[in-house]
Amino acid sequence: MDEKATLVVTAVPNANEMVSVQEYLHGVLPLMTGAGGSLVRRLKTSKVVDGRPSGMVLVMDFESADAVSAMFESDEYLALVPVRDRGFDEMNILITHEM
C-alpha cells in the first residue's frame, strides 16, 4: 500500500469569475472527500514574504497518492476543469508526502 499523502493546493481566484470559483469548490470538495480526503485546513493568504501570492490554500490528507491521482483523473473531476480554468488565474496542485 502507498504511504499516506497530503494534497496542497494554492490558488489565485479570478475576481471576475467568482461564480465559477464557487461552482468549482462546490463540485471538487465532495470528490475529494469521496476519495478519502480529510480536510486539514482551508486558508486565506494574509501576507506574502517572498514569491508569488496566492489567495487560497487547501491542505487535505489522503490514504495514498494513488487515491488523490485517481480522483484528479476521474471523469467527474475532468468535467470541472473548464470551470476551474475560468475561476482561477493560477492553481498549483501538489501531492506531497513526509520527508
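What counts and how
Residues numbered from 1 in each chain as written. Predicted model: local features only at pLDDT ≥ 70, side-chain atom pairs only at ≥ 80, totals over all residues. Heavy atoms only, no water. Salt bridge = Lys/Arg side-chain N within 4 Å of Asp/Glu carboxyl O. Helix = DSSP H or I, 4+ residues; strand = E, 2+ residues; numbered from the N terminus. Buried < 20%, exposed > 50% of the residue type's maximum accessible area, 1.4 Å probe, protein only. Core = buried A, V, L, I, M, F, W, Y, C linked by side-chain atoms within 4.5 Å. 1 Å grid on protein atoms, 1.4 Å probe; cavity = no way out; pocket = protein on both sides within 12 Å on 5 of 7 lines; lining within 4 Å. Points joined across faces, edges and corners; volume = space filled by probe spheres on them. Nonpolar A, V, L, I, M, F, W, Y, C, P; charged D, E, K, R; others polar.

Undergrad: Talk me through the pattern of salt bridges; I want residue IDs and the actual numbers.
TA: This model, assessed by the stated rule, comprises three salt bridges. Of the charged contacts in the structure, one is a salt bridge between Glu63 and Lys4, with a shortest N-O distance of 3.2 Å. On the criterion of sequence distance, the pair formed by Glu63 in the loop between β3 (56-62) and α2 (65-73) and Lys4 in the segment before β1 (5-13) is long-range, its members being 59 residues apart. Residue classification places Glu63 among the partly exposed positions, given a relative accessible area of 41%. A residue is classified by how much of its surface remains accessible, and Lys4, at 55% relative accessible area, is exposed. Here Arg52 and Glu90 are joined by a salt bridge, their closest N and O atoms 2.4 Å apart. Remark: Glu90 occurs in strand β4 (residues 88-96) and Arg52 occurs in the loop between β2 (38-44) and β3; sequence separation between them is 38 residues.

Undergrad: An account of the nonpolar core is requested, with residue identities and associated values reported.
TA: Grouped together as the largest cluster of nonpolar side chains are 19 residues, with contacts concentrated most on Leu7, Tyr24, Met32, Phe72 and Tyr77. Of all the elements in the fold, those that place two or more residues in this core are β1, α1 (18-34), β3, α2 and α3 (75-87). A total of five residues in this core trace back to one element, the largest contributor, which is α1.

Undergrad: Could you give me a rundown of the layout of surface pockets, with the residues and numbers involved?
TA: By volume, the largest pocket amounts to about 210 Å³. Lining the largest pocket are 14 residues, with Leu25, Arg42, Met56, Val57 and Leu58 sitting closest to its centre. Those elements that provide at least two residues to the lining of the largest pocket are β1, α1, β2, β3 and β4. Tallying contributions element by element places α1 first for the lining of the largest pocket, with five residues. Here the residues of the lining of the largest pocket are counted per class, giving 13 nonpolar, no polar and one charged.

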